[in-house]
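Chain and residue survey
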Amino acid sequence: MIGRIMGYSKIDRMIDRTIMCAVSCGGCVDTGDEKLGVIEKKMIKDVASVIVKWSDDGKGICNICGAGPFSPQGLRTHMERVHRSDLEDILLITIGRYTKNNLENYVKTIFIK
């Protein structure tokens, strides 16, 4: 992918923040990355809120594949290793919903550092 060839891209940053937000036991502590805008932070919170389901005993279940229960650290590892490309697809689809511009033009701006 172009962004990974050039370095750590904006979509990679968004994926990392989405995973961090999703595994924070249901509450998005912070999406605090100064390089992400308000719309990106809202998308991260929205996606993070639906990819994980939390049980009463604090264990997370992956809503993408149904695997689990996981501890928060185990869930983060699962998301990183198994669903990183899925999260990229989900975020790109979400970008298409949040923007009124052409998706292709917006995706080009994501890969600029």
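Residues numbered from 1 in each chain as written. Predicted model: local features only at pLDDT ≥ 70, side-chain atom pairs only at ≥ 80, totals over all residues. Heavy atoms only, no water.

This part is about the overall build of the chain. What the chain contains, in helices and strands, is six helices and two strands. When the helices and strands of the chain are placed in sequence order, the string is α-α-α-β-β-α-α-α. Sorting the 113 residues of the chain into buried and exposed places 38% on the buried side. Taking as baseline every contact in the chain between residues at least 6 positions apart, the subset at least 24 positions apart corresponds to 50%. When the accessible surface of the chain is split by element, carbon and sulfur atoms take 55% of a total near 6,500 Å². (Helix = DSSP H or I, 4+ residues; strand = E, 2+ residues; numbered from the N terminus. Buried < 20%, exposed > 50% of the residue type's maximum accessible area, 1.4 Å probe, protein only. Contact = heavy atoms within 4.5 Å. Areas by Shrake-Rupley, 256 points an atom, 1.4 Å probe, with all protein chains shown as cover.)

Right, let's get into the side chain of Glu40. Along the polypeptide, Glu40 turns up in helix α3 (residues 38-51). On the basis of relative accessible area, Glu40 is assigned to the buried category, the value being 6%.

Among all positions in helix α4 (residues 72-82), only Leu75, His78 and Met79 are buried. Down the axis of α4, the buried side of the element spans an arc of 95 degrees, and every buried residue falls inside it. (Arc of directions from axis to C-beta.)

The next point concerns unusual backbone geometry. The amide bond that connects Gly68 to the next residue, Pro69, takes the cis arrangement and shows omega of 5 degrees. Here Pro69 shows up in the loop between β2 (60-62) and α4.

As a further point, take helix α2 (residues 10-22). The end-to-end C-alpha distance of α2 is 18 Å, a good match for the 18 Å that 13 residues give at a rise of 1.5 Å each. Buried residues dominate α2, accounting for 12 of its 13 residues. (Expected span 1.5 Å × (residues − 1).)

Turning next to the confidence of the model for the chain. Of the residues in the chain, 69% reach a pLDDT of 70 or more, and the chain-wide mean stands at 78. Within the chain, helix α1 (residues 2-6) has the poorest average pLDDT of any element, 44, and α4 the best, 93. (pLDDT = per-residue confidence, 0-100.)

Attention shifts here to the pattern of salt bridges. With the rule as written, the count across this model stands at five salt bridges. In this structure, Asp16 engages Arg84 in a salt bridge whose closest nitrogen and oxygen atoms are separated by 2.8 Å. Linking Asp16 in helix α2 with Arg84 in helix α5 (residues 84-98), this pair joins segments that are 68 residues apart in sequence. A relative accessible area of 19% means that Asp16 is categorised as buried. (Salt bridge = Lys/Arg side-chain N within 4 Å of Asp/Glu carboxyl O.)

Now for the packing of α2 against α3. Contact pair α2 / α3: the axes reach a minimum separation of 8 Å and the direction vectors enclose 45 degrees. Viewed along their axes, α2 and α3 adopt a mutual orientation that is oblique. The handedness of the crossing between α2 and α3 comes out as right-handed. Contacts between α2 and α3 involve Lys10, Met14, Arg17, Thr18, Cys21 and Ala22 from the first element and Glu40, Met43, Ile44, Lys45, Val47, Ala48 and Ile51 from the second. (Axes fitted to C-alpha atoms, helices over the stretch in contact; angles between N-to-C directions. Parallel < 35°, antiparallel > 145°, perpendicular 65-115°, else oblique. Left-handed = near helix turned anticlockwise from the far one by under 90°.)

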